[in-house]
Amino acid sequence: MIPNVLANRYASAQMQAIWSPEGKIRAERQLWIAVLKAQQALGVSVKPGAIEAYEAHVDDIDLDDIATREAITKHDVKARIESYNAAAGFEEIHKGMTSRDLTENVEQLQVKQSLDVIRTRVIAALAVLADQVAQHADTVLAARSHNVPAQPTTVGKRLANTGEEILYALNRLDDLIARYPLRGIKGPVGTQADMLTLLGSPEKVSELEHRVAEHLGVSTVLTNTGQVYPRSIDFDVVAAMHQLASGPANFARTIRLMAGQELATEGFLPGQVGSSAMPHKMNARSCERINGFHSILAGYVTMATHITGDQWNEGDVSCSVVRRVVLPDTFFAIDGLMATFLIVLGGLGFFDGMIAAELNRTLPFLATTTMLMQAVQQGAGREQAHEVIKTHAVAAALAMREGEPNNLVTRLGQDPAFPLDEAQIEAILANPSAFTGQASAQAQAFVTEVATLTAANPEAAAWRPGAIL
């Protein structure tokens, strides 16, 4: 069998286990047992020793046997029923159920478990990111708008921008986990007719479904659904994962830009090679991977849109092949992305000397709004002062592109049309942090919010990824 690259190369063992063939079959068998126990408790006759036999063989999963049976039956669920019955020596499972009663609920269990895993990853990433924000909250940096120096900010504030986006996405994830609904045991077309016949009363049918939901750890069960639950729910899940990836993707692109300007590094480990041909290269390769994962997830969002609004009557299986790819691979991708994000955050570094050099080089331009306001305070007309600054700023910028130093301060200070002299302008530039506004406070606000989150989720905050290529 050709391996799944996303799973084998990037996803954690925990996520792989949820979506592995053995993991799914084990979950199906546990669901069959939960239904059988509920049926017995509600008056359905079950042969003595059957439940114990099924429980004893939950882990006896023979994929080759199942494949052989499926080649004959042309029905995957029927093959898995036969294989489990043969192992246990009974034919008691699947009473009153259809294939979708099994697969829909188990797939939703896999989704729910995966959402819980990803929530752990997100909280862990926020914890490490908050540490970086706190460490660099006051490191003044030339902020860029349209990738052009605009105003000073701080490194911590730049990182907190990413953090705020991730927190917003986490709110959506928490909401999704809280309201995620189970299809339940509904039968071939959603009417629960077969289970009603088997159990004999609506109250018993409801009680069985309640017990199944409790077994699966889901509090909400759909009342009106057909053979399959609405695939717009799958879209909601995939879109939420793409949204979670967007903050790290923005971060990764920014670090790639900063690395190219020699302002930052994602870390470069002993023995690592940046290029097979160019020994000096220290690429932001992991950040590139994060952006690649984001692109993959965008593709899965597109795929998920095509199975929404396409449900024929009470349901069909045209969505099956899409979901077999989209659901597990979405979680493999976001799992790999968050692990890579954490690794980058752990090795993240900033070159203070280069940051200061860029700031000093561009600061006269970044402070022109303050110069303009002080010129106005000294009696200059606003538009006239603006024109003088613009003329000299453009000339200084063009000269810098020819290799000359930034001489904007000299140009303005020696122009009789501008009311500030060089000493006054230098005084304005003496304290770069004065131009950062609320940047440090905003960064600290993020750190405080994350501290509250991690205090409530200490195990999640402490999670760290294993080795990843």
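Residues numbered from 1 in each chain as written. Predicted model: local features only at pLDDT ≥ 70, side-chain atom pairs only at ≥ 80, totals over all residues. Heavy atoms only, no water.

Undergrad: Even after reading the chapter, I still don't get the side chain of serine 20, so can you show me in this structure?
TA: Looking at where serine 20 falls in the secondary structure, it is placed in the loop between helix H2 (13-19) and helix H3 (21-41). With a relative accessible area of 19%, serine 20 lands in the buried category. Reaching out from serine 20, the side chain makes a polar contact with the backbone oxygen of alanine 17 at a distance of 3.1 Å. (Helix = DSSP H or I, 4+ residues; strand = E, 2+ residues; numbered from the N terminus. Buried < 20%, exposed > 50% of the residue type's maximum accessible area, 1.4 Å probe, protein only. Polar contact = N/O pair within 3.5 Å; in protein donor to acceptor, adjacent residues only side chain to side chain.)

Undergrad: Quick question: what am I supposed to make of the layout of surface pockets here?
TA: Empty space left among the atoms is revealed by rolling a probe the size of a water molecule over them. Taken as a whole, the largest pocket holds about 1200 Å³ of empty space. Along the wall of the largest pocket there are 34 residues; nearest its centre are Trp19, Pro21, Lys24, Arg80 and Arg324. Of all elements in the fold, only helix H1 (5-10), H2, H3, helix H5 (63-73), helix H6 (76-88), helix H7 (99-135) and helix H13 (320-347) reach the threshold of two or more residues within the lining of the largest pocket. With six residues, H13 is the largest single contributor of residues to the lining of the largest pocket. Here the second largest pocket is characterised by a volume of approximately 450 Å³. Surrounding the second largest pocket, 18 residues form its lining, Val148, Pro149, Phe365, Ala393 and Ala397 being those nearest its centre. With seven residues, the top contributor of residues to the lining of the second largest pocket is helix H16 (residues 382-400). (1 Å grid on protein atoms, 1.4 Å probe; cavity = no way out; pocket = protein on both sides within 12 Å on 5 of 7 lines; lining within 4 Å. Points joined across faces, edges and corners; volume = space filled by probe spheres on them.)

Undergrad: Help me understand the side chain of glutamate 209, please; the structure alone is not making it clear to me.
TA: Mapped onto the elements of the fold, glutamate 209 is located in helix H10 (residues 202-216). Among the residues examined, glutamate 209 registers a relative accessible area of 12% and is labelled buried. In this structure the side chain of glutamate 209 is engaged in a polar contact, spanning 2.7 Å, whose partner is the side chain of lysine 186. When near neighbours in sequence (up to four residues on either side) are disregarded, glutamate 209 contacts Arg183, Gly184, Ile185, Lys186, Gln192 and Val221. (Contact = heavy atoms within 4.5 Å.)

Undergrad: How do you make sense of the environment of glutamine 39 when you look at a structure like this?
TA: Within the secondary structure, glutamine 39 sits in helix H3. Glutamine 39 gets classed as buried once you look at its relative accessible area, which sits at 1%. If near-sequence neighbours (up to four positions away) are discounted, glutamine 39 is found in contact with Val44, Lys95, Met195, Leu198, Leu199 and Leu208. Here lysine 95 takes part through its backbone oxygen, which lies 2.9 Å from a polar atom of the side chain of glutamine 39.

Undergrad: Any chance you could explain the pairing of strand E1 (residues 140-145) here in plain terms?
TA: The side chains of a regular strand alternate between the sheet's two faces. Of the pairings in the sheet, the one linking E1 to strand E2 (residues 148-154) comprises five bridges and is antiparallel in character. By the bridge assignment for E2, leucine 141 is matched with threonine 153. The loop that links E1 with its antiparallel partner E2 comprises two residues; one of these, histidine 146, has a positive phi angle of about 60°. (Pairing = 2+ DSSP bridges.)

So yeah, pure geometry; function would need other evidence.
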